[in-house]
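Observations on chain architecture
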Amino acid sequence: MTKIFFLKKEQIKYLIGKANGYCYATDEIMVKGKKVSYMYREKPSRHDDSGWVFTAGTESPEYMDNSENTGIYALNTLANYDPEIIPFLDSPFGSAFEREKGTGKFKKVPLITS
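Please read all numbers here as calculations on a predicted model, not as lab measurements.

**Thoughts on the packing of aromatic side chains**
Scanning the entire structure with this criterion turns up seven aromatic pairs. Both rings, one in Phe 5 and one in Tyr 73, keep their centres 5.9 Å apart while their planes meet at 85°; by these two values the pair is edge-to-face. Residue Phe 5 is found in the segment before strand S1 (22-26), and its partner Tyr 73 is found in strand S4 (residues 70-74); the two are separated by 68 residues along the sequence. Classification of Phe 5 as partly exposed rests on a relative accessible area of 36%. With 5.7 Å between their ring centres and 20° between their planes, Trp 52 and Phe 54 make a pair best called stacked.

**A look at the layout of surface pockets**
Here the largest pocket is characterised by a volume of approximately 550 Å³. Around the largest pocket, the lining is made up of 21 residues, and of these Tyr 38, Tyr 40, Thr 55, Gly 57 and Glu 59 lie nearest the centre. Mapped by element, the contributors of at least two residues to the lining of the largest pocket are strand S2 (38-41), helix H2 (61-65) and strand S5 (96-99). Tallied by class, the residues present in the lining of the largest pocket amount to seven nonpolar, seven polar and seven charged.

**Structural notes on the pattern of salt bridges**
Tallied over the entire structure, the rule returns seven salt bridges. A salt bridge links Lys 34 to Glu 28, with the nearest nitrogen and oxygen atoms 2.7 Å apart. Look at Glu 28 and you get buried, because its relative accessible area is 7%. For Lys 35, the salt bridge is made with Asp 82, and the minimal N-O distance between the two is 4.0 Å. Highlighted residues: Lys 35 in the loop between helix H1 (27-30) and S2 and Asp 82 in the loop between helix H3 (75-81) and S5, separated in sequence by 47 residues. On the accessibility criterion, Lys 35 (43% relative accessible area) is partly exposed. A single salt-bridge network, built from bridges that share partners, covers Lys 35, Asp 82, Glu 84 and Arg 99.

Calculation rules
Residues numbered from 1 in each chain as written. Predicted model: local features only at pLDDT ≥ 70, side-chain atom pairs only at ≥ 80, totals over all residues. Heavy atoms only, no water. Phe/Tyr/Trp six-rings, centres within 6.5 Å; stacked < 30°, edge-to-face > 60°. Helix = DSSP H or I, 4+ residues; strand = E, 2+ residues; numbered from the N terminus. Buried < 20%, exposed > 50% of the residue type's maximum accessible area, 1.4 Å probe, protein only. 1 Å grid on protein atoms, 1.4 Å probe; cavity = no way out; pocket = protein on both sides within 12 Å on 5 of 7 lines; lining within 4 Å. Points joined across faces, edges and corners; volume = space filled by probe spheres on them. Nonpolar A, V, L, I, M, F, W, Y, C, P; charged D, E, K, R; others polar. Salt bridge = Lys/Arg side-chain N within 4 Å of Asp/Glu carboxyl O.

Next comes the structure, spelled out in structure tokens:
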């Protein structure tokens, strides 16, 4: 199945000041264009992995278990989809943030591990 992304390649601009590697994001963001609602940073397993994972917050466990619903993207690409994540990108491993209902601002929350 070919994914049709919410933003076209020509719309992606250079927004972050350094190469931060890749991240994981769900199709709710990348295909449907939803804003990031929950993001967390784990210790990466490879040198080019930023450790960041981004979700829209509406994904079920079954949705997340299906690898076809996620993808690996340049961190700069995610910054184009939701520039409000940029101030948090240098947060340490083990950080997690959730968008508050009502204000739309991100707040630090405990990292949920399975």
